[in-house]
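# Observations on the model geometry
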Amino acid sequence: MPRVESFNRDTVLDGAMQVFWKHGFNGTSMQQLVEATGLNRSSLYNSFGDKMALYQAALKQYAGITQHQLQQAIQQAKNPLEALRNIFLTFLPEIVRENKGCMGMSCKNEMAGELSIKRFLEHNQSQTLQLFEKLIQSGQDQQVINKEQSAQNYAWHVYNSFQGYRMTGILVKDENILRGIIDNSLKNLE
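Residues numbered from 1 in each chain as written. Predicted model: local features only at pLDDT ≥ 70, side-chain atom pairs only at ≥ 80, totals over all residues. Heavy atoms only, no water.

## Things to note about the packing of helix H3 (residues 41–48) against helix H4 (residues 51–75)
This is how the line gets drawn: Every angle, taken between N-to-C directions, lies between 0 and 180 degrees, and every axis is a line fitted to C-alpha atoms, over only the stretch in contact when it is a helix. Working definition: helices are DSSP H or I runs of at least four residues, strands are E runs of at least two. Numbering for both runs from the N terminus. Roughly parallel here means an angle under 35 degrees, roughly antiparallel means over 145, roughly perpendicular means 65 to 115, and every remaining angle is called oblique. What makes a crossing left-handed is the near helix being turned counterclockwise from the far one by less than a right angle; a clockwise turn instead makes it right-handed. In what follows, residue pairs with any heavy atoms lying within 4.5 Å of each other are defined as contacts. Each residue gets one of three labels, nonpolar for Ala, Val, Leu, Ile, Met, Phe, Trp, Tyr, Cys and Pro, charged for Asp, Glu, Lys and Arg, and polar for the others, Gly among them.
Contact geometry of H3 with H4 gives a least axis separation of 9 Å together with a crossing angle of 70°. When the interaxial angle is binned, H3 and H4 end up roughly perpendicular. The way H3 lies across H4 gives a crossing that is left-handed. Note on element contacts: H4 touches H3 through Lys51, Ala53, Leu54 and Ala57, opposite Leu44, Tyr45 and Phe48. Counted by class, the contact of H3 with H4 contains six nonpolar, no polar and one charged residues.

The following block contains the structure:
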């Protein structure tokens, strides 16, 4: 008879996610994962498979959390341009408090050569670009975003700016500088 999991999967994945986020895939030991999750090695292997499978599950958890944050930022906005600004501002407290940057970008840097990870990253990038393009097209239709460039071109600009902003925030903790980056990133759209 198969054993029934007697732990909260989201809690375990959150613990693993924090360790992978801080140390990366290659810098994370199984002992660190045991300590962070509260599960022994055999339970981790039985529940998630190998370290790579646990990493992939943690990445999916991270992506789900990020998508939820993006949706909340959009729902709180009066218009699409404000929604884009809210997206940047949503991550400002996290950037100022922590030195981890974006787990997805760290993953790109370390693991993009791994085919299954690359596919995940490409899918995540595509979803984010589609979200930005949809917002920008809506903003252009509402005349709060200019039509000097296509919604697709602007989506790539915002995506690149958003990633750069989060990467810069690893070392720069000055909120005024970070807010200036947000302003300059979105100024082209006005």
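## Some details on the packing of helix H5 (residues 80–90) against helix H8 (residues 115–141)
Two numbers describe a pair of packed helices, the interaxial angle and the distance between the axes. As a packed pair, H5 and H8 sit with axes 8 Å apart at the nearest point and diverge in direction by 145°. For the pair H5 and H8, the contacting residues are Pro80, Ala83, Leu84 and Ile87 in the first and Phe132, Leu135, Ile136, Ser138 and Gly139 in the second. Each residue belonging to the contact of H5 with H8 can be placed in one class, and the counts come to seven nonpolar, two polar and no charged.

## Brief notes about the side chain of glutamate 94
Tracing the backbone shows glutamate 94 in helix H6 (residues 92–97). Contacts of glutamate 94, omitting those with residues within four sequence positions, involve Trp21, Gln69, Gly101 and Arg166.

## Digging into empty space enclosed by the protein
To keep things clear, this is the line we draw: Note on definitions: the grid is 1 Å and covers protein atoms alone; a cavity is a set of points where a 1.4 Å probe fits but cannot get out; a pocket is an open set with protein on both sides within 12 Å along at least five of seven lines; lining residues have an atom within 4 Å of a point. Grid points are joined across faces, edges and corners, and a volume is the space filled by probe spheres set on the points.
Counted under the stated rule, the structure contains three cavities of 30 Å³ or more. Contributing elements (two or more residues each) for the lining of the largest cavity: H4, helix H7 (103–111), H8 and helix H9 (151–168). Here the second largest cavity defines a volume of roughly 50 Å³. Residue lining of the second largest cavity: Glu94, Ile95, Glu98, Gly101, Cys102, Arg166, Gly169, Ile170 and Lys173, and that is the complete set. Looking at the lining of the second largest cavity residue by residue, the classes come out as three nonpolar, two polar and four charged.

## Some thoughts on helix H10 (residues 175–187)
As a reminder of what qualifies: Multiplying 1.5 Å by the residue count of a helix minus one yields the expected span of that helix. Relative accessibility under 20% of the residue-type maximum defines a buried residue, over 50% an exposed one, and the middle range a partly exposed one, all with a 1.4 Å probe and only protein chains included. Working note: the arc is built from the helix axis to C-beta atom directions. As used in this structure description, the phrase polar contact means that two N or O atoms lie within 3.5 Å; if the pair is within protein, one of them must be able to donate a hydrogen and the other to accept it, and residues adjacent in sequence are counted only when both atoms belong to side chains.
Compared with an ideal rise of 1.5 Å per residue, which puts 13 residues at 18 Å, H10 spans 18 Å between its outermost C-alpha atoms and is within 8% of the ideal. Within H10, the full set of buried residues consists of Leu178, Ile182, Ser185 and Leu186. One face of H10 carries all of its buried residues, which in axial projection span an arc of 90°. Within H10, the exposed residues directed more than 90 degrees away from the buried face are Asn176 and Asn184. Where the residues of H10 are buried, they touch H5, H6 and H9. Measuring from the backbone nitrogen of asparagine 176 back to the side-chain oxygen at the start of H10 gives 2.8 Å, which picks out aspartate 174 as the cap.

## Some words on the nonpolar core
Heads up, the rule is: Only buried residues count toward a nonpolar core, which is a set of Ala, Val, Leu, Ile, Met, Phe, Trp, Tyr and Cys residues joined through side-chain atoms within 4.5 Å.
Counting residues in each nonpolar core, the largest one holds 29 residues, and the members touching the most others are Leu84, Ile87, Phe132, Ile136, Val158, Tyr165 and Leu189. Mapped onto this core, the elements with two or more residues apiece are H4, H5, H6, H8, H9 and H10. Among the elements that line this core, the one with the most residues is H9, at seven residues. In contact with valine 158, not counting residues within four places along its chain, are Leu84, Phe88, Phe132, Ile136, Leu186 and Leu189. Counting 28 residues, the second largest nonpolar core, distinct from the first, contains Trp21, Phe48, Met105 and Leu121.

## Some points on unusual backbone geometry
A positive phi angle is found at glutamine 143, which is not glycine, with a value near 65°. Note on glutamine 143: relative accessible area 71%, which makes it exposed.

## Examining the pattern of salt bridges
Formally: Salt bridges are identified by distance alone: a Lys or Arg side-chain nitrogen within 4 Å of an Asp or Glu carboxyl oxygen.
Inspection of every chain in the model, using the stated rule, returns five salt bridges. A salt bridge links arginine 166 to glutamate 94; the nearest nitrogen and oxygen atoms lie 3.1 Å apart. A residue pair is termed long-range when its members are at least 10 positions apart, and arginine 166 in helix H9 and glutamate 94 in helix H6 qualify at 72 residues. Pair check on accessibility: arginine 166 and glutamate 94 agree, each one buried. The residue lysine 118 makes a salt bridge to glutamate 122 at a minimum N-O spacing of 4.0 Å. Pair noted here: lysine 118 and glutamate 122 are both in helix H8, with a separation of four residues, about one helical turn. Accessibility expressed as a relative area gives 38% for lysine 118, which makes it partly exposed.

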